[in-house]
Amino acid sequence: MRVEVDQERCVGSGMCALTDPVVFDQDETDGTVLLLEPSPTGAHAKAAREAEHLCPAGAIRVVG
Ligand code: SF4
């Protein structure tokens, strides 16, 4: 599976980084999402799918 993030849509709520800080982080200046691990496996893959559903801006897409 592959994770994609859209920094244009991101509103910096931080749900993704709270859900899995191995896969997602937030920019120190504006809080927008940073993708640390674009191809997570195991528990991190599951967490990435959770983050996709939790993101209030629809800025996370999990493919595959
Ligand atoms: S949960 Fe969505 S809106 Fe919030 S920081 Fe992550 S990508 Fe951005």
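Let us look at the structure shown here. Every value quoted in this text rests on a predicted model; they were computed, and no experiment measured them.

**Here we look at the pairing of strand β4 (residues 60-63)**
Logical step 1: Only one face of β4 is covered, namely the one carrying Ile60 and Val62; the face carrying Arg61 and Val63 has none of its residues buried.
Logical step 2: Of the strand pairs in this sheet, strand β1 (residues 2-5) and β4 are connected by four bridges, and their pairing is antiparallel. Of the residues in β4, the one forming a bridge with Glu4 is Arg61.

**Side note on the side chain of Asp20**
Logical step 1: With respect to the helices, strands and loops of the structure, Asp20 is situated in the loop between α1 (15-19) and β2 (24-26).
Logical step 2: No salt bridge forms around the buried Asp20; measuring N to O, its nearest opposite-charge neighbour Lys46 is 11 Å away.
Logical step 3: Polar contacts involving the side chain of Asp20 include one to the main-chain amide nitrogen of Val22, which spans 2.8 Å.
Logical step 4: Setting aside anything within four residues of it in sequence, one finds Asp20 in contact with His44 and Ala47.

**Quick notes on the pattern of salt bridges**
Logical step 1: Considering all chains together, one arrives at two salt bridges under this definition.
Logical step 2: Among the ionic pairs, Glu4 bridges to Arg2, the shortest N-O distance being 2.6 Å.
Logical step 3: You can call Arg2 partly exposed: its relative accessible area is 41%.
Logical step 4: The network of salt bridges with shared partners includes Arg2, Glu4 and Arg61.

**Re the nonpolar core**
Logical step 1: Grouped together as the largest cluster of nonpolar side chains are 13 residues, with contacts concentrated most on Cys16, Phe24 and Ile60.
Logical step 2: Of all the secondary structure elements, the ones that give two or more residues to this core are α2 (42-54) and β4.
Logical step 3: Residue contacts for Cys16: discarding those within four places in its chain leaves Phe24, Val33, Ala51 and Ile60.

**Looking at a nonpolar patch on the surface**
Logical step 1: Taken together, the side chains of Met15, Leu18 and Leu54 present a nonpolar region at the surface, about 290 Å² in accessible area.
Logical step 2: Position of Met15 relative to the elements: it lies in helix α1.

Calculation notes
- Residues numbered from 1 in each chain as written.
- Predicted model: local features only at pLDDT ≥ 70, side-chain atom pairs only at ≥ 80, totals over all residues.
- Heavy atoms only, no water.
- Buried < 20%, exposed > 50% of the residue type's maximum accessible area, 1.4 Å probe, protein only.
- Helix = DSSP H or I, 4+ residues; strand = E, 2+ residues; numbered from the N terminus.
- Pairing = 2+ DSSP bridges.
- Lys, Arg positive; Asp, Glu negative; His and termini not counted.
- Salt bridge = Lys/Arg side-chain N within 4 Å of Asp/Glu carboxyl O.
- Polar contact = N/O pair within 3.5 Å; in protein donor to acceptor, adjacent residues only side chain to side chain.
- Contact = heavy atoms within 4.5 Å.
- Core = buried A, V, L, I, M, F, W, Y, C linked by side-chain atoms within 4.5 Å.
- Patch = residues over 30% accessible without salt bridge, like charges linked within 9 Å, V, L, I, M, F, W, Y side chains within 5 Å.
- Areas by Shrake-Rupley, 256 points an atom, 1.4 Å probe, with all protein chains shown as cover.

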